[in-house]
Amino acid sequence: MNSESMSKKIVWDLDGTLFDTWETHCEAIRKTYRRIYDADISMAKLICSQAACLIDTIWNIFKDNYMEALLLYQDMFIALVSANKLEDKINISEKLYGLVNQGYEMCLLTGRDKKTTEFILRHFSIIGLFEMIYSIDECNNSKKQILQQQPDKWKEYIYITDSKKEVYDYRNFFSEIYFSIQIYVFLLAFYSIISFPVSK
């Protein structure tokens, strides 16, 4: 599919799609774990505890200390982003502005919390590019709940995500879904070099 025939409405995933947040996220978890337990979290535990949304990840790791851990994590993550530990390696900000200038309408649907999501978007000066921003703490910890609330709305949108599970779980909500291993693959797809549309 070439860019001229694509929908002018796009829903983006954030983590792993627009930005490679993995290292920053892991470091924020490590710092939070040290603060609460005065110990280091193993990489095996960190990886095995990852969930589709941040709130579930924090719960999996910290259990009874969940609320304290979430607040600490947010502070740690924001401090790391402020220190430029999260990079816009391919100048995605400029590319998103280009899409808006071409008439694209964009929304964000993320498994991250509202506080750190909006901080990332403000840090890279792109928060104003999105018509709507849906985060997990505003939709009862489930992306699917947001989609189910307005099923007809999303039929006009394409969705770009780095989650294979979401590709199949959400395939009936959108006009098309693109699987993107970070933004690099999608940008190639968008400019008609290579594409991975999901067949219904």
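In this text the structure is predicted, and so the values were computed from the model without any measurement.

Caption draft 1: Structural context of the overall build of the protein chain. Per the secondary structure count, the protein chain includes nine helices and five strands. In sequence order, the secondary structure elements of the protein chain are arranged as β-α-α-α-α-α-β-α-β-α-β-α-β-α. Here the protein chain, with 200 residues, has 47% of them falling under the buried criterion. Taking contacts inside the protein chain between residues at least 6 apart in sequence as the whole, the part at least 24 apart equals 66%. In the form shown here, the protein chain has an accessible surface area of approximately 9,900 Å², with 50% of it arising from carbon and sulfur atoms.

Caption draft 2: Focus on the nonpolar core. Ranked by internal contacts, the top residues of the largest apolar core, which has 45 residues, are Trp12, Leu18, Phe19, Ile58, Leu96 and Phe130. Element by element, the count of residues in this core is highest for helix H4 (residues 66–82), at nine residues.

Caption draft 3: Structural view of the environment of Ile146. Looking at the secondary structure, you find Ile146 in helix H7 (residues 143–149). Since its relative accessible area comes to 7%, Ile146 is described here as buried.

Caption draft 4: Local environment of the side chain of Gln74. Turning to its location among the elements, Gln74 is positioned in helix H4. Classification of Gln74 as buried rests on a relative accessible area of 7%. Residues in contact with Gln74, not counting those within four places in the same chain, are Asp113, Lys115 and Thr116.

Caption draft 5: Highlighting the side chain of Thr17. Looking at the secondary structure, you find Thr17 in the loop between strand E1 (9–12) and helix H1 (22–37). Since its relative accessible area comes to 1%, Thr17 is described here as buried. Of note is the side chain of Thr17, whose polar atom sits 3.2 Å from the backbone nitrogen of Asp162.

Caption draft 6: Local environment of the packing of helix H3 (residues 54–62) against H4. Relative orientation of the contacting elements H3 and H4 amounts to 125°, with a least axis distance of 9 Å. Regarding the angle of H3 to H4, the classification is oblique. For H3 against H4, the interelement crossing comes out right-handed. Where H3 approaches H4, its residues Leu54, Ile55, Ile58, Trp59 and Phe62 are matched on the opposing element by Tyr66, Ala69, Leu70 and Tyr73.

Caption draft 7: Structural view of the pairing of strand E3 (residues 130–134). In this sheet, E3 lies alongside strand E2 (residues 105–109) in parallel orientation, the contact comprising four bridges. Following the sheet pairing, Leu108 is matched in E3 by Ile133. With helix H6 (residues 114–123) bridging E2 and its parallel neighbour E3, the resulting β-α-β unit is right-handed.

Caption draft 8: Structural context of the sheet that holds E2. Strand order in the open sheet made by the five strands is E3-E2-E1-E4-E5, with parallel pairing throughout. If you trace the sheet from one side to the other, it starts and ends with E3 and strand E5 (176–179), each paired once. Put simply, the sheet's adjacent strands are angled 20° from each other on average, direction ignored.

Caption draft 9: Fine view of the packing of aromatic side chains. In total, this model carries twelve aromatic pairs according to the counting rule given. Through a chain of ring-to-ring contacts, three or more aromatic side chains come together here, namely Tyr134, Trp154, Tyr157, Tyr159, Tyr170, Phe173 and Phe174. If you follow Arg112 out to its NZ or CZ, it ends over the ring of Phe77, 4.2 Å from the centre.

Caption draft 10: Spotlight on the pairing of E5. Judged from the four bridges that link them, strand E4 (residues 158–161) and E5 form a sheet pairing that is parallel. Counted as the bridge partner of Thr161 is Phe179 from E5. Remark: the E4/helix H8 (residues 164–169)/E5 crossover connection has right-handed handedness.

Caption draft 11: Seen up close, the pattern of salt bridges. This model, assessed by the stated rule, comprises ten salt bridges. Close ionic contact of Arg30 with Glu27 constitutes a salt bridge, the shortest N to O distance being 3.1 Å. Within this pair, Arg30 and its partner Glu27 are both found in helix H1, separated by three residues, close to a single helical turn. Residue classification places Arg30 among the buried residues on the basis of a relative accessible area of 19%. Judged by its relative accessible area of 24%, Glu27 falls in the partly exposed class. The shortest N-O distance in the salt bridge between Glu118 and Arg122 comes to 3.5 Å. Note that Glu118 and Arg122 are positioned in helix H6 at a spacing of four residues, about one turn of the helix. One network of salt bridges, with partners in common, ties together Asp13, Lys143 and Glu166.

Here is what the cut-offs are and how they apply
Residues numbered from 1 in each chain as written. Predicted model: local features only at pLDDT ≥ 70, side-chain atom pairs only at ≥ 80, totals over all residues. Heavy atoms only, no water. Helix = DSSP H or I, 4+ residues; strand = E, 2+ residues; numbered from the N terminus. Buried < 20%, exposed > 50% of the residue type's maximum accessible area, 1.4 Å probe, protein only. Contact = heavy atoms within 4.5 Å. Areas by Shrake-Rupley, 256 points an atom, 1.4 Å probe, with all protein chains shown as cover. Core = buried A, V, L, I, M, F, W, Y, C linked by side-chain atoms within 4.5 Å. Polar contact = N/O pair within 3.5 Å; in protein donor to acceptor, adjacent residues only side chain to side chain. Axes fitted to C-alpha atoms, helices over the stretch in contact; angles between N-to-C directions. Parallel < 35°, antiparallel > 145°, perpendicular 65-115°, else oblique. Left-handed = near helix turned anticlockwise from the far one by under 90°. Pairing = 2+ DSSP bridges. Right-handed = clockwise from strand over helix to strand, strands pointing away. Phe/Tyr/Trp six-rings, centres within 6.5 Å; stacked < 30°, edge-to-face > 60°. Lys NZ or Arg CZ within 6 Å of the ring centre and 35° of its normal. Salt bridge = Lys/Arg side-chain N within 4 Å of Asp/Glu carboxyl O.

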